Amino acid sequence: MNESEGLLRALLSKASTALRNPRAFLPNVDDALFVDYLLNTFVNKIPLPQVRMALYRQAGLNVDVTSNIMMYCFVLEARNITIGPNCIIGPFTTLDGRGTLTIGRNVNVAGQVLTIGGHHLVDSPTAEGLVGKVVIEDNAWIGMRATILPDVTIGEGAYVAAAALVNRDVPPYTLVGGVPAKKIRDRSRDIAYTLHHLPPWI
Ligand SMILES: CC(C)(COP(=O)(O)OP(=O)(O)OC[C@H]1O[C@@H](n2cnc3c(N)ncnc32)[C@H](O)[C@@H]1OP(=O)(O)O)[C@@H](O)C(=O)NCCC(=O)NCCS
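Everything in this summary refers to the structure shown in the same document.

### What about the site of the ligand?
1) Next: Taken together, Asn108, Ala110, Gly143, Met144, Ala161, Ala162, Ala163, Ala164, Leu175, Gly177, Gly178 and Ile184 form the complete shell of residues around the ligand.
2) Next: Along the lines of polarity and charge, the residues of the shell around the ligand split into eight nonpolar, four polar and no charged.

Okay, here's the thing in structure tokens:
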């Protein structure tokens, strides 16, 4: 057996051990972090929504069967995240459950949105960490690349414009935008659509 054959055998043996006992691969990582690792390394790249969503549910993410977390989303602490019926979470969005993240019914979260569930006290000598809760109520609409900071509630039917930085609660049926987000105008309460986006792939 030459050197490269030996290396290949050693690699195959490591891979087979990892498949039989994935935890042996990362022995010092706690369970929640390990679940995040699996979700963000493998599950979020599965191009079959039903399979992907079943695995998110297995990981403790409480998402309704009518909702879709599209590919390439980044999830932190799945077990602290709840997503109601008829929601769409666009690709490359970060869903941060380090505090709690609660999304109501019929909510559209566009692609590349950031929800942030944790932070560190700026003046703390120990960089003390804090977690907060983010709530997005029914029929809200979050535009692309919006960022939602901890302890913010986006009210029912509110609309967050693309690229907004939301650092305060948004009242129901209000359109906000900018950095930090400010009211642009009221949003109509006449909402007649129901979101449903679970194609066999993507
Ligand atoms: C906010 C938005 C919905 C437009 O709403 P609208 O009521 O038609 O707003 P208008 O274009 O008439 O603009 C109204 C004001 O808001 C401002 N505005 C519009 N979009 C803005 C944004 N993303 N951020 C900050 N201000 C914005 C405009 O400059 C204008 O300000 P002014 O009155 O001082 O000139 C749109 O700009 C947007 O951000 N859409 C989200 C796109 C997206 O993310 N798509 C993916 C969804 S799946």
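Anyway, onward from the coordinates.
### A closer look at helix 3 (residues 49–58)
Given 3.6 residues per turn, any residue in an α-helix points the same way as the ones three and four places further on.
1) Next: The complete set of buried residues in helix 3 reads Arg52, Met53 and Tyr56. For helix 3, the angular spread of the buried residues around the axis is 95°, confining them to a single face.
2) Next: Check the buried side of helix 3 and you find it contacts helix 2 (31–41), strand 1 (62–63) and strand 2 (68–69).
3) Next: Of the residues flanking the end of helix 3, it is Gly60, one or two places downstream, whose phi is positive at about 100°.

### As for the pairing of strand 12 (residues 133–136)
On a regular strand, each side chain points to the face opposite its neighbour's, so the side chains alternate between the two faces of the sheet.
1) Next: Burial of strand 12 is one-sided: the residues Val134 and Ile136 facing one way are buried, the residues Lys133 and Val135 facing the other way are not.
2) Next: Bridge count between strand 7 (residues 100–103) and strand 12: four bridges; the pairing is parallel. Note on strand 12: the bridge partner recorded for Thr102 is Val135.
3) Next: Direction of pairing for strand 12 relative to strand 15 (residues 152–154): parallel, over a ladder of three bridges.

### Focus: the nonpolar core
1) Next: Of all hydrophobic cores here, the largest spans 43 residues; its most connected members are Tyr56, Val75, Ile142, Ile154, Val160 and Val166.
2) Next: With near-sequence residues (within four places) excluded, Ile154 lies in contact with Ile136, Glu137, Ala140, Ile148, Val160, Val166 and Val170.

Reading the values: rules and limits
- In this convention, every chain numbers its residues from 1, walking through the sequence in written order.
- Thresholds applied to this predicted model are a pLDDT of at least 70 for local features of residues and 80 or more for the giving and counting of side-chain atom pairs; totals over whole chains, interfaces and linings are not thresholded and use all residues.
- Defining nearness, a residue is near a molecule or strand when the C-beta atom obtained from its backbone falls within 6 Å of it.
- Polar here means any residue outside two lists: the nonpolar Ala, Val, Leu, Ile, Met, Phe, Trp, Tyr, Cys and Pro, and the charged Asp, Glu, Lys and Arg; Gly therefore counts as polar.
- Buried means a residue has 20 or more other C-beta atoms within 10 Å of its own C-beta, exposed means 12 or fewer, and partly exposed covers the counts in between; C-beta atoms are placed from the backbone.
- Counting from the N terminus, the helices are the DSSP runs of H or I reaching at least four residues and the strands are the DSSP runs of E reaching at least two.
- The arc in question is the one spanned by the directions pointing from the helix axis to the C-beta atoms.
- C-beta atoms are placed from the backbone for every residue, and two residues are taken to be in contact when these atoms lie within 7 Å.
- By the convention used here, strands pair only if DSSP detects at least 2 bridges between them.
- Here, a nonpolar core denotes buried Ala, Val, Leu, Ile, Met, Phe, Trp, Tyr and Cys residues that are linked to one another through C-beta atoms within 7 Å.

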